[in-house]
Each structure stands twice: as C-alpha cells, then as structure tokens.
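# Geometric and topological summary
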Amino acid sequence: MPPQRHDYHDEEEEEELLYDMNKLDHPVGGGIRHHSEDDDEFIYNQDDAPLLTDDDHTGSTRASKRGGWFTTLRQKIPNFRLSSPSSSIQKQSSSRQRPPRKCCCCRLSLCLIITALMTVAFFIWSLFYFSPATLPEPTVPDKSTNTDARFLTLNIFMRPPGVKNNKSDYKEQRLDYIIKYILPHYDVITIQEAFAFANRRIDTLQVAARELGFNYQVASPRHYPWQLAADGGLLLLSRFPIATSNVLEFPRGLHSDWLSKKGTLHALIELNEHRSVHLYTTHTQASYDSNGQLNQDDTDMRLSQFALVHQFISDTAREDGSPIMIMGDLNVDASKHDLPKTAHAVHSSDAYIKMVQILNGTGLPDGTYKDSWHIDTMKDVVYEQFGYHPVTFGNIITTNTTSSQREGEEKKEEEEEEGIIPAETVLTHWDQQTTVQSIDRIFWADRFSKTITVNNITIEKFLIADNDQLTEEERKDIEFTQISDHYGMSCRVELI
C-alpha cells in the first residue's frame, strides 16, 4: 500500500512525539528523521526506523514494537508519509545545489557578446577578402592602331574553390599558364567563368594583366557571403582605352546558376581617336542535364536573358553607329546534331535560331521578345567563315585506338562508334565528353560601316602539346592537356 499523506496543524504534538520516539527507540546517536523548522511536512524514512537497526531486541519484540511505533505515529501525526532514504536525501541535495539564477544570465550574456564579436569580425574580414584588389598603376602605354587588333574570347573554367569535375581542375597551374602563355598574344580578351568568389585567383590575373599592358578592365561586380551570391565570372581586358563601360546582372538563374549573378559586360573600345567598337561579353544559363541534353526550363531562362542582352545593347549602343561585337560562352549548342559526330555541323539547332532572333531584336515568330530597334547587320562571323558550327566543347578524336589502350578509360555507350574517343578528359565532366557542342560565339554587326571588318577567325584549342615555348621536360610536368574544358575563339579586327 503506498504511503499516505495527511495535513496537520499541531506542531507541538509533532515535536513531542518525535522526542519520545528518539528517547525510547534510539537512545544512542543515529538520527532517524529528516525534519527542520522550515519543512512544511514531516517525512519519516521507514527503512531507517530504529527498530530495524537495534540489535539488542529480538525479532518478535522488534515486530511488536515496530507495529506499536507505527500505529502510534499514525495516531499522533496525521500528516506524514513514508519514503526511502535516497528520495529524501535527493530532494534535500537538489534543493541545496540549485545554481543561482544570476550565473545563467551571466553565461547567456557572455555567449551573446562572443557571438556578436565573431559576427562583426566576419563582416570586417569579408569586406576586405571579397573586395577586388587594388590594381597597380599602368607601366605600359595605352595602345592605338590604324591597322588591326587581336581579339579573343575564352571560358577559362575557373570556378569557386571546391567546385571541380574530376580529381582536380588544376586551377592555380592553369592560371599561371594563361598569364604566361596566353595573355601576351592578344589585345582585347573577354573571359568567362573567372569567378572571384572566395578566392584571389582573379585578382592575381587582373594584376598580371595590368603589368602586361591591359590598362583597362571591366569585371562582374563582387558579392559577399551574406548576399548568398557569387559574382558573374566575367572579365574584359583591353590594351586600348575604354571610353565607357557598363555592367548588367541577370535575375537569378536555375540550378547552380541561382548562386551566380551572371550577366553581361559592355565596353566601348577606342582603337584610335576615330574608330571604336562596342564590345559585349556574356555567359548565360547553363544546362546541367547529362550528355548535353536540353530541358525547356533552361531554354526559357536563356531566351529571357538574351532579351535582356538585346535591351542592354539598345540602351548602350543605339545612339551611335560604331560596330557591335558580341563574344562569349552563350551556352547554346548551335549544332542540330542530325549528322554523325565526325561530320561538320552545317545545320543550326532551333535553340540557336531563336537566340539569334532575340539578340538582333526581331523576336520569335509569335512576337515574343520583339523590339522596335534591330541590329540589322548582325551575323555569326564564325559560321560565315567556316560554313559550319565548329566544336568548342566536348570534342572528339578519331582514332583506331582500342579500349585497352586508353589508359584505363572506360568506353561509354555514345563512344561505341568506331575510332571515337574524348579529346579531353582531365577537366571535362565525364557525361559531357564527346558531346561535340558549339556553344562559344562571335557575332559581328558592322552597322553599315565599311571601315572596320572582322576576319581570320581561329578556334584556339590551346593544347599543351602544341606549345613550342615549352621544353620537353616542362611539357611532361603539366598534368592537364589543354587550358580549359572549352576552346577559345580569336579574330582579327581590321581597320580599312
């Protein structure tokens, strides 16, 4: 039967009974109860009863006396309950050891202060680390020409730290290579995927470019961690003066592109005092489906971005008659892929045709993205020169090499065609290899001016094996076979 508890109001009677019990049952030491003047109840531990610990009494006497003692206790003290020693002691211990409320408040305040200091320190560090570096003063005179200039567009595949396709992207090594062997050979360069977020590689590139004579530079705006966005990865370098420059940032894209504020850069390049070119570079929504497949959401996003590019060109170039050039990784595969992979892509894809219609302002056949201002003379000078859309990504090599001779690389289903292997496997993601895409572009609009033309279009593979500036030992030490997963495109801008 569980212990019973009753209220009582006679404190004198309780004290008298306790005195008699202690005197009669336990005359020598060993307190048997837990009680104080502050207690609002009387708790007696039955297990500590003196009749159970007094060895001088017989068993029968103990039982008899225990029954009498227990009855007397119930009669004398209406308010009592039986409990084990452990529960009684635990109650008193927890009451004595309860921490002061003041200590908890102090600890909470200290944690809040430390958190605030760490947050402020992070913000201050980010303001310095994520801001662009200060470029050195120019040491090479500005360039001017009455003849020609070399233009290049290149996706350098420099994504933020930790983002890679395979074992390594060799970002630092490739950056050094680009600075040493690529930059010196061109006058104007538009670069994509030069992401500056959480690293200093692009600052290194910009400083080196300034020292090489690229005194004029336009870059995507930097962003900070609390903005949950990386920069757009665009960079425009020029040895010629830039009269004006502008930057456009797209709304957030899809998939991983949601984290990158992609957009478009514009620079009015002054080739000399009387000849200028409006130069634009852009990098639109990427496709993340396997094997270069397209999905409608990605396509719609790109088309909306091309409409923004057209409006951007209209806002910055329509008031003068200078020619317009658009260069970059437009992420639209121009090839229709209706022929074998080894054949040239002479037929254009629907996505490519829509891109051209939106960029020049005529819009889609249903009237979507149509604008009153058109870039009437805009043309794809690469297709015009070659007669087909050259591969710039996921290229192949035709060979009779067998699977066992390919350094352990497994043949994929799409490579079952005889003699086809990937041209590059170190940087290119495995499901994009051998997709033979044409996604890098050069569009040119002379705007009825016959004083400047574009010619000598070249697909720049930038293969390590073709670099005659390297010694054989230097070539063997380089672990990548080309400087990017994309080929570059160069052209000669000639003044007539």
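Since this is a predicted model, take the numbers as computed values, not measurements.

Let's shift gears to the overall build of the chain. Looking only at helices and strands, the chain has 11 helices and 17 strands in total. Taking contacts inside the chain between residues at least 6 apart in sequence as the whole, the part at least 24 apart equals 74%.

So, about the sheet that holds strand β6 (residues 216-219). The sheet built from six strands is open, its strands ordered β6-β7-β5-β4-β17-β16 with mixed pairing. Only two strands of the sheet have a single partner each, and these edge strands are β6 and β16 (452-460). Direction aside, the axes of adjacent strands within the sheet are offset by 15° on average. Alignment of β6 against strand β7 (residues 235-238), held across four bridges, turns out to be antiparallel. Within β7, the residue paired with V218 across the bridge is L236.

In this section: empty space enclosed by the protein. All told, the structure shown has five cavities of 30 Å³ or more when counted by the stated rule. Considering only enclosed or pocket space, the largest cavity measures out at about 60 Å³ in volume. Lining the largest cavity, in full, are T392, F393, G394, N395, A423, E424, T428, Q482, D485, H486 and Y487. Taken together, the residues of the lining of the largest cavity break down into three nonpolar, six polar and two charged.

Now for helix α7 (residues 201-211). Within α7, eight of the 11 residues are buried, leaving the element largely enclosed by the surrounding structure. Structurally, α7 contributes buried residues whose contacts are with β4 (148-158), α6 (171-181), β5 (188-194), β6 and β7. Directly after α7, the chain includes G213, whose backbone phi takes a positive value near 110°.

This next bit is on the layout of surface pockets. Empty space within the largest pocket amounts to approximately 940 Å³. Together, 38 residues line the largest pocket, and R159, E193, D257, A286 and Y288 are the ones closest to its centre. Looking at the lining of the largest pocket, its residues break down into 16 nonpolar, 12 polar and 10 charged.

A word on the sheet that holds strand β11 (residues 324-329). Across the sheet, six strands lie side by side as β8-β9-β10-β11-β15-β12; this open sheet has mixed pairing. If you trace the sheet from one side to the other, it starts and ends with β8 (242-249) and β12 (379-380), each paired once. Alignment of β8 against strand β9 (residues 263-270), held across six bridges, turns out to be antiparallel. Directly across from V247, in β9, lies its bridge partner L265. Its contacts with the sheet put helix α8 (residues 296-317) on β8, β9, β10 (276-283) and β11, and the angle it makes with β10 is roughly 155°. The strands touched by helix α9 (residues 350-359) within the sheet are β12 and β15 (440-445), with β15 carrying the most contacts at an inclination of about 35°.

Turning to the pattern of salt bridges, a few remarks are in order. Considering all chains together, one arrives at 15 salt bridges under this definition. A salt bridge links K143 to D187; the nearest nitrogen and oxygen atoms lie 2.6 Å apart. Note that K143 is positioned in the loop between α5 (101-129) and β4 and D187 in the loop between α6 and β5, a separation of 44 residues in sequence. K262 is the salt-bridge partner of D257, the closest N and O atoms lying 3.0 Å from each other. With respect to burial, D257 and K262 carry one shared label: buried. One salt-bridge network, held together by shared partners, links K143, D187 and R239.

On to the packing of α8 against α9, then. At their nearest, the axes of α8 and α9 sit 8 Å apart, and the two run at 25° to each other. Judged on the interaxial angle alone, α9 and α8 are roughly parallel. With respect to the hand of their crossing, α8 and α9 are arranged in right-handed fashion. Mapping the contact onto sequence places L303, F306, A307, V309 and H310 in α8 and K354, M355, I358 and L359 in α9. Here the contact of α8 with α9 is built from residues that sort into seven nonpolar, one polar and one charged.

A few words now on the nonpolar core. Counting residues in hydrophobic clusters, the biggest one holds 29 residues, and the most contacted among them are I156, Y177, I182, L183, I191, L205 and I483. Among the elements of the structure, β4, α6, β5, α7 and β7 are those that each provide at least two residues to this core. Ranked by residue count, the leading element in this core is α6, at five residues. Setting aside anything within four residues of it in sequence, one finds L183 in contact with I178, I189, L205, A209, L212, F214, L237 and R239.

Right, let's talk about the confidence of the model for the chain for a bit. Averaged over all residues, the pLDDT of the chain is 83; the fraction at 70 or higher stands at 75%. Across residues 5-9, where pLDDT falls below 50, the model places 14 contacts with residues more than four positions away in sequence or in other chains. Here residues 411-416 is modelled with pLDDT under 50, and outside its nearest four sequence neighbours on either side it reaches 15 contacts, counting other chains as well.

Turning our eyes to something else, we now look at unusual backbone geometry. Despite not being glycine, H255 has its phi angle at roughly 60°, a positive value. By the secondary structure assignment, H255 is in the loop between β8 and β9. On the basis of relative accessible area, H255 is assigned to the partly exposed category, the value being 47%. Positioned with a positive phi, Y369 is a non-glycine residue whose angle comes to about 65°. Relative to the assigned elements, Y369 resides in the loop between α9 and β12.

What counts as what
Residues numbered from 1 in each chain as written. Predicted model: local features only at pLDDT ≥ 70, side-chain atom pairs only at ≥ 80, totals over all residues. Heavy atoms only, no water. Helix = DSSP H or I, 4+ residues; strand = E, 2+ residues; numbered from the N terminus. Contact = heavy atoms within 4.5 Å. Pairing = 2+ DSSP bridges. Axes fitted to C-alpha atoms, helices over the stretch in contact; angles between N-to-C directions. 1 Å grid on protein atoms, 1.4 Å probe; cavity = no way out; pocket = protein on both sides within 12 Å on 5 of 7 lines; lining within 4 Å. Points joined across faces, edges and corners; volume = space filled by probe spheres on them. Nonpolar A, V, L, I, M, F, W, Y, C, P; charged D, E, K, R; others polar. Buried < 20%, exposed > 50% of the residue type's maximum accessible area, 1.4 Å probe, protein only. Salt bridge = Lys/Arg side-chain N within 4 Å of Asp/Glu carboxyl O. Parallel < 35°, antiparallel > 145°, perpendicular 65-115°, else oblique. Left-handed = near helix turned anticlockwise from the far one by under 90°. Core = buried A, V, L, I, M, F, W, Y, C linked by side-chain atoms within 4.5 Å. pLDDT = per-residue confidence, 0-100.

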